[in-house]
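Each chain, written out:
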Amino acid sequence: METVRTGRYYARELHRRLAHYVEKRRYGFRDHGSLERAAETILATRAERGFEAGGHFRGVWPRDLAFSARGLSAAGYEEAVAETGRWLVDQLSDSSVFYTDFHDRFHAASPAEGVDTFPALVLLLAECGCLREHADAVADLAAVHRERFVTEGLVTGSGSSWWDSVAGPREAYNTAMLLAAVERLEKRDVETTFTGESDAIRAALYSQLWNGRYFDERRGAARGSGNRRDRGGGGRSVLACDANVIPLYLGVVDDERAAAIVSSLERLETPYGLVMRAEPFSHAAVHPFFLLHRDYHYHVWPWNSLMYAVGLRRYGYDDRARQETKRVEALLEPYGNFLEVCTLEGEPYVKRGYATAEDFTVAAALWTEYHSESD
């Protein structure tokens, strides 16, 4: 049954993407005016409609909403976010599947079960101050998450996550997400199967995924020279933002490792913002659904850059944070909108039947978070 539902999801997703592509090629992107007005408009609209991800993404993604929570709270929507969090708990508690994309009529895990859905839900509830309210449900979900995805402190199970187009698991990103979630559970005295294990998870992350300069995407990646193949045939060690920006944003690394990550990520900075990774994925590394867009994550994602800026500031790199934010603002201001992804030339990503989403909730929320903390 789940295979059928996921197949239907892909059919709907393909239709939505193609329709959005045709619309953007014909009419272009909406211009809300200044970025301040764009953020206000987008977040207000999302609060009314249940925090859809944006553009052709019609559903609620727990991952995106978790990263949006601080900005939405700063904009005055904390209770609305908490209400959506409660709805997500109810949806997950009634199913044996960790969905990644929630709709009123259907949900789907794309391309497989959502490996980051549980930690994202915890982070979301923690930001809204209602984690203890759902302690029993969270404990049940934690047990399922551990059984399906976690091995000796690392999140090694395969499922959809930030890199939705990629076939292989993103172990560093997923483990960093789990670590941040477990830290918040422990801080709020919510008992789960992970209680007391934050240090062990951190130790596993450091010992198996830290290469001395940054976190590898997964175990077995080449160390140092980048010449050795990994055990799973996934290729060389590639500097990737999901494995390194998230630890900065969530504050789960020590100052020394943060400094090394910041130094490494500097080579991904462009005049328009941070590119998502040092090189595109290979054809073998992506799902067939994304073969025409395997460079999708080899471009500038404004929300990734804004998350990077918030993380930089968390660790005291204020000048670098301001510089990154100014780059993204210069990129987006001509369009008067918060876009999902832009090219290395500073234009909206519109290619081979796919057009970047507009009114992207998480980008508008992270921009709001950054500026609310700057005031």
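Placed above this text is the structure.
This report concerns the structure included in the present document. Bear in mind that the values here come from a model prediction, so they are computed numbers and not experimental data. (Residues numbered from 1 in each chain as written. Predicted model: local features only at pLDDT ≥ 70, side-chain atom pairs only at ≥ 80, totals over all residues. Heavy atoms only, no water.)

**Details of the packing of helix 11 (residues 302–314) against helix 13 (residues 361–374)**
Remark: helix 11 packs on helix 13, axes separated minimally by 8 Å, with the N-to-C direction vectors making an angle of 25 degrees. Considering their axes alone, helix 11 and helix 13 lie roughly parallel with respect to each other. The crossing of helix 11 and helix 13 is left-handed. Taken together, the residues of helix 13 that come into contact with helix 11 (itself represented by Trp303, Leu306, Met307, Ala309, Val310 and Arg313) are Val362, Ala363, Leu366, Trp367, Glu369, Tyr370, Glu373 and Ser374. Class assignment for the residues of the contact of helix 11 with helix 13 results in ten nonpolar, one polar and three charged. (Axes fitted to C-alpha atoms, helices over the stretch in contact; angles between N-to-C directions. Helix = DSSP H or I, 4+ residues; strand = E, 2+ residues; numbered from the N terminus. Parallel < 35°, antiparallel > 145°, perpendicular 65-115°, else oblique. Left-handed = near helix turned anticlockwise from the far one by under 90°. Contact = heavy atoms within 4.5 Å. Nonpolar A, V, L, I, M, F, W, Y, C, P; charged D, E, K, R; others polar.)

**Things to note about the side chain of Asp64**
With respect to the secondary-structure elements, Asp64 resides in helix 3 (residues 62–74). Apart from the residues lying within four places of it in its own chain, the contact partners of Asp64 are Ala53, Trp303, Phe360 and Val362.

**A word on the environment of Tyr77**
For Tyr77, the location among the structural elements is in the loop between helix 3 and helix 4 (78–93). For Tyr77, a relative accessible area of 23% translates into the label partly exposed. Considering only alpha carbons, one finds Tyr77 and Arg46, 31 residues apart in sequence, at a separation of 9.9 Å. Residues within four places of Tyr77 in sequence aside, it is in contact with Leu43, Ala44, Ala47, Phe51 and Leu72. (Buried < 20%, exposed > 50% of the residue type's maximum accessible area, 1.4 Å probe, protein only.)

**Let's talk about the packing of aromatic side chains**
Enumeration according to the criterion identifies 16 aromatic pairs in this entry. Measuring from ring centre to ring centre gives 6.0 Å for Phe67 and Tyr249, while their planes differ by 85 degrees; the resulting arrangement is edge-to-face. Here the residue Phe67 occupies a position in helix 3, and Tyr249 occupies one in helix 9 (residues 241–250), the gap between them amounting to 182 residues. Here Phe67 falls in the buried class, since its relative accessible area comes to 1%. Every member of this aromatic cluster is reached through a ring pair, and the members are Phe67, Tyr249, Tyr296, Trp301, Trp303, Tyr349 and Tyr354. Over the ring of Tyr206 we find Arg257; its NZ or CZ atom is 3.7 Å from the centre of that ring. A cation over an aromatic ring shows up here: Arg313 above the ring of Tyr370, its NZ or CZ 4.1 Å from the ring centre. (Phe/Tyr/Trp six-rings, centres within 6.5 Å; stacked < 30°, edge-to-face > 60°. Lys NZ or Arg CZ within 6 Å of the ring centre and 35° of its normal.)

**Overview of the state of the cysteines**
Scanning the entire structure with this criterion turns up zero disulfides. With no disulfide of its own, Cys128 lies 5.0 Å from the sulfur of Cys130, the closest cysteine sulfur. With a relative accessible area of 11%, Cys128 lands in the buried category. (Disulfide = S-S within 2.5 Å.)

**Points about the pattern of salt bridges**
Scanning the model with the defined rule gives 23 salt bridges in all. Here Asp359 makes a salt bridge to Arg30, at a shortest N to O gap of 2.8 Å. You can see Asp359 sitting in the loop between strand 8 (354–355) and helix 13 and its partner Arg30 sitting in the loop between helix 1 (2–27) and helix 2 (35–49), a full 329 residues away along the chain. Put simply, Asp199 and Arg202 hold a salt bridge, and the shortest N to O gap is 3.5 Å. Within this pair, Asp199 and its partner Arg202 are both found in helix 8 (residues 198–209), separated by three residues, close to a single helical turn. Several salt bridges share partner residues, and in doing so they unite Glu23, Lys24, Arg30, Glu358 and Asp359 into one network. (Salt bridge = Lys/Arg side-chain N within 4 Å of Asp/Glu carboxyl O.)

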